Amino acid sequence: LTLSLQQRGFIIQSTMEEITKLAAKCRVATPHDTVTNSECVFTFHSPYTTDLGIVVNLQTFVGTIDEMAFTKSDDDASALGPSGLFVRICKKRVAKTPQSDDAAMEDGQQDNNTAATTATKLGVGVEGGFQSDSDKYETISTYSIVLIGKEGVLAELPYNDNTKNDFPMLVSQSADSIIHHSGLAVQQDLSAWELDAEPKPVSKYAENLPFVENGVKVSPTPSDWKCEKSGDNQNLWVNLSDGFIGGGRKNWDGSGGSNGALDHFIETGEKYPLVVKLGTITEDISTADCYSYAKDEDGPVKIPNLKELLEKRGIMVAGMQKTVKSTAELEVELNATYAFDAITEKGANLIPVAGPGLQGLQNLGNSCYMNSVAQMLFSGTIAELSCRYGASDGVTSNSLLEVSPTNASNDLLCQATKLSSALTSGLFCGPVPDSAEVSDSSSSDPKHRVAPRMFKHVIGHDHVDFKTGQQQDAAQYFQYLLEKLDRAELGAGERLKSKDGSDSVLTTSHLFSYKTESRLVCETDQLIKYKESPAETMLSLRIPMSKATTPDVEMPDLKKQKSEESGEEDKEKKVVPTVTFEACLDEWSASTTIDDLRWPHLQNSISSATTRSRFVNFPRYLLVHMQRYEIGDDWQPRKIEVNIDVPEEISLQELKGTGPQEGEKLVPEETEGGGEATSAPAAPTIDEGALGQLMDMGFTMNGCKRALTAVGGSNVEAAMNWVFEHSTDPDFNDPLPEGGAGAQESASSDTGVDEGVVMSLVDNLGCFTVDQVRAAVKHCAGAADRAADWLFSHMDDLDGAIAALESSSTASASSEPKSKTPLEDGEGKYSLVGLVSHIGKNTGSGHYVAHLKKDGKWVIFNDEKVALSKDPPVQHAYMYLFQRNDTAGSPHPAY
């Protein structure tokens, strides 16, 4: 024993000497530093995943697993030397020991079940809210200082309160700063959430509220309450001044109350602004739902003297219980439409599943749009992307992970590989529970959670919408993600080589890319012109409601269905019209008339034409986007309540373009080319924020781009007017032509700037040079007013601002993908393999869910909930993924 202690002491002393040599390289993390202390930057291993946890470099603050602490990158070796110091962080979650009833009562606590049923605030992990995991579990953390070299762990010593003084001071300070740092994950996520972003203000009308002595008393019996205008007995509000009971406001979709309470406020001269919702009043008066209709408040408020005001109307709060949902709770449900239960398969006895390709993703806060798209692309449904980004021999085997740990979190290919490897390997899946209710919320062991924060950041950090925590359009995100992946893949160099030995690298978008052929017939001389569109990655289809059919409500089967599906209030199920998928395709491919088209071969005279669209090629995967949203008469987005009858097998063969046919008389090519060459000035730069706003209103990306291009790139109001004037144009949803946007002819310089606009501004402004004005006009896409504003707003350093513009323009041009690989083609027969469905009033709110076909069975991916699907919502989907039949089981070898 003495010998062994001596040996142990010698080993510790030797290790400490090595640690001391490296201590000078350690840094102390500040609150402004990025510290990845909760997750490996290469994999989804966390301190909870295994007994080894993760190790965080004391110099770079980057967290990894042991084997990835040093990659094959020479940058690490040169910067950190042959070895480095790390702090190992290991955590284990254990259930808290339940207290006895007497002890719990002494501490003023309740058991879990009681606390859950008596929550008074709609929040998790906040006072008065539902219990969070921290209320149910405790975390046991252990730490050690690790010496790691290229060959692996060289030495390791425990680090705790008893041993920290044995280490050099800088090592201890560095380790403590990492251990106690909030970390990257906490900086991006909030541990608790509440619906109310700001505290409710105290109404300024409460203290001196007028009270009408009219003898009105409110019955304490809920069954006696009804709207004095409509007779409704739901969503009732009592006016605290005169005791009038009226219905609540109507919602955007016509639901809600009768509007009686608001109408009464207006009819009484807007003198009595304060109301309280009947059914939300309890002994805890602070939980009552109070509202002010006053124009300078018009929102939820606090009324300190509410109890006294209620007593004047005969309402004694003692013993009253809550009987209805508050406005805050109803806000959670407001985005749900008729299809909510169908899409999430709520109430179905679903069988949970786990394993390779069946890994759920944590919702980071309104990130279900990203989760649904990521599952569709990276979880194995698209075999080519699984080959490129997935895990073949473990989550660390993919060569795309061979980047420096300091660069890994911001490397798109690395993060895509990290995500796909986790999804396809099933390494982080937890044990399969006995049963699952997909719509229920439940806590999850952190060792099995996959939170794609780094992936979300690397994709959206430079996008005006996707970098936020707000809900976004999944279709728009899909297209943006493909653009980002294409740029990264084309710029990957030696990291990404074609697996079939070819020189060129096939991008991700190549799998979805197709072109369309337009056949235009001039009405004047019947000459024909064929135009081929730029490549697209998503087929966007309008829903022709004129072709909708409605089931007969008197049919016996439908009556039986209504009876079986009656809810608590015995309401009949809403009858929803149906449009076939074939009708949507017919609408897209039908011949239409274009008025006032200018024809170069007719000396630029105007003549109408008929046009139709066909496919030039059939891509390996066809993503179809249904235009389920439209702008209503009130200019507000609304969802088209319609079922789409989509078969699981479709054939597009009849929609294949044929090109010019024998006997057709074509528009002369040389005349056409000469006429168009001088009519296309440079297209304006499209503002991402404006594009997102327009798409939130329900229009397609191509339509929004056309609108913004026509009005200079950023004016949303002008673009909206353009949309309403041109939304019926047959080419409204077509991609913009290459190299321009169909702008009017103008005298342009080599820079694509209208010199007439430039000289006019130079003369009128009088204080800027021609070169300065030209740069501003070019930046503002030819808009003179915006160019003038830009010039005056940058006068402090105008030359520097112009230099930055030129630098940005050069970098942007050089980063554009320039793949010239011919598009893939095959027989136009497809099978449905995936769905992304949306619940909500518009695509920028609500919830997204994915359904994917795995081994012939449909599986629902509702964020972290993964289960076999009993009734996939094919009729309700927002995006449909089809795979070409002749590619099934034969992934493209280049990936």
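Scope of this entry: the structure provided in the associated data block.

Rules of the game
- Residues numbered from 1 in each chain as written.
- Predicted model: local features only at pLDDT ≥ 70, side-chain atom pairs only at ≥ 80, totals over all residues.
- Heavy atoms only, no water.
- Axes fitted to C-alpha atoms, helices over the stretch in contact; angles between N-to-C directions.
- Helix = DSSP H or I, 4+ residues; strand = E, 2+ residues; numbered from the N terminus.
- Parallel < 35°, antiparallel > 145°, perpendicular 65-115°, else oblique.
- Left-handed = near helix turned anticlockwise from the far one by under 90°.
- Contact = heavy atoms within 4.5 Å.
- Nonpolar A, V, L, I, M, F, W, Y, C, P; charged D, E, K, R; others polar.
- Phe/Tyr/Trp six-rings, centres within 6.5 Å; stacked < 30°, edge-to-face > 60°.
- Buried < 20%, exposed > 50% of the residue type's maximum accessible area, 1.4 Å probe, protein only.
- Lys NZ or Arg CZ within 6 Å of the ring centre and 35° of its normal.
- Lys, Arg positive; Asp, Glu negative; His and termini not counted.
- Salt bridge = Lys/Arg side-chain N within 4 Å of Asp/Glu carboxyl O.
- Polar contact = N/O pair within 3.5 Å; in protein donor to acceptor, adjacent residues only side chain to side chain.
- Pairing = 2+ DSSP bridges.
- Patch = residues over 30% accessible without salt bridge, like charges linked within 9 Å, V, L, I, M, F, W, Y side chains within 5 Å.
- Areas by Shrake-Rupley, 256 points an atom, 1.4 Å probe, with all protein chains shown as cover.
- Charge placed at Lys NZ, Arg CZ, Asp CG, Glu CD.

**Overview of the packing of helix α12 (residues 368–378) against helix α17 (residues 474–490)**
At a minimum axis separation of 9 Å, α12 and α17 run at an interaxial angle of 55 degrees. The orientation of α12 with respect to α17, classified from their angle, is oblique. The two elements α12 and α17 meet at a crossing, and its hand is right-handed. On the side of α12, the interface is formed by Tyr-369, Met-370, Val-373, Met-376, Leu-377 and Phe-378, while α17 contributes Ala-474, Tyr-477, Phe-478, Leu-481 and Leu-485. Classifying every residue of the contact of α12 with α17 gives 11 nonpolar, no polar and no charged.

**Some thoughts on the packing of aromatic side chains**
For the coordinates displayed, the defined rule picks out 20 aromatic pairs. Judged by centre distance (4.9 Å) and plane angle (35 degrees), the ring pair of Trp-588 and Phe-615 falls under tilted. Of the two residues, Trp-588 is situated in helix α19 (residues 581–589) and Phe-615 in strand β18 (residues 605–615); the sequence distance between them amounts to 27 residues. On the accessibility criterion, Phe-615 (0% relative accessible area) is buried. An aromatic cluster of at least three residues, connected via ring pairs, comprises Tyr-514, Trp-588, Phe-615, Phe-618 and Tyr-830. Here Arg-93 stacks its cationic end above the ring of Tyr-137, 3.7 Å away from the centre of that ring. Its guanidinium or amino end placed over the ring of Phe-44, Lys-418 lies 4.8 Å from that ring's centre, counting from NZ or CZ.

**Notes on the side chain of Arg-313**
Tracing the backbone shows Arg-313 in the loop between α9 (306–312) and α10 (327–334). Salt bridges are absent for the buried Arg-313, whose nearest opposite-charge side chain, Asp-242, sits at 6.0 Å. At a separation of 2.7 Å, a polar atom in the side chain of Arg-313 contacts the main-chain carbonyl oxygen of Ser-241. Setting aside chain neighbours within four positions, we find Arg-313 in contact with Phe-211, Val-212, Asn-214, Gly-215, Val-216, Lys-217, Val-218, Ser-241, Asp-242 and Gly-243.

**Overview of the pairing of β18**
It is a general feature of regular strands that their side chains alternate between the two faces of the sheet. Inspection of the sheet shows strand β13 (residues 516–522) paired to β18 by seven bridges, in the antiparallel sense. Across the sheet, Glu-517 pairs through a bridge with Arg-614, a residue of β18. Two successive antiparallel strands, strand β17 (residues 592–599) and β18, enclose a turn made up of five residues, where Gln-603 displays a positive phi of approximately 60 degrees.

**Here we look at a negative patch on the surface**
A contiguous patch of negative charge, built from Glu-582, Asp-586, Glu-587 and Glu-654, is present on the exposed surface. Inspection of the secondary structure assignment puts Glu-587 in helix α19.

**Remarks on the pairing of β17**
Pairing analysis gives six bridges linking β17 to β18, with the strands arranged antiparallel. Note that in β18 the partner of Thr-593 across the bridge is Thr-610.

**Quick look at the environment of Tyr-272**
When you line up the elements, Tyr-272 lands in the loop between α8 (260–267) and β10 (274–277). For Tyr-272, a relative accessible area of 13% gives the class buried. Along the chain, Tyr-272 and Asn-239 lie 33 residues apart, while their C-alpha atoms are 7.3 Å from each other. Ignoring sequence-local partners within four residues, the contact set of Tyr-272 consists of Pro-210, Val-212, Asn-239, Ser-241, Asp-242 and Phe-265.

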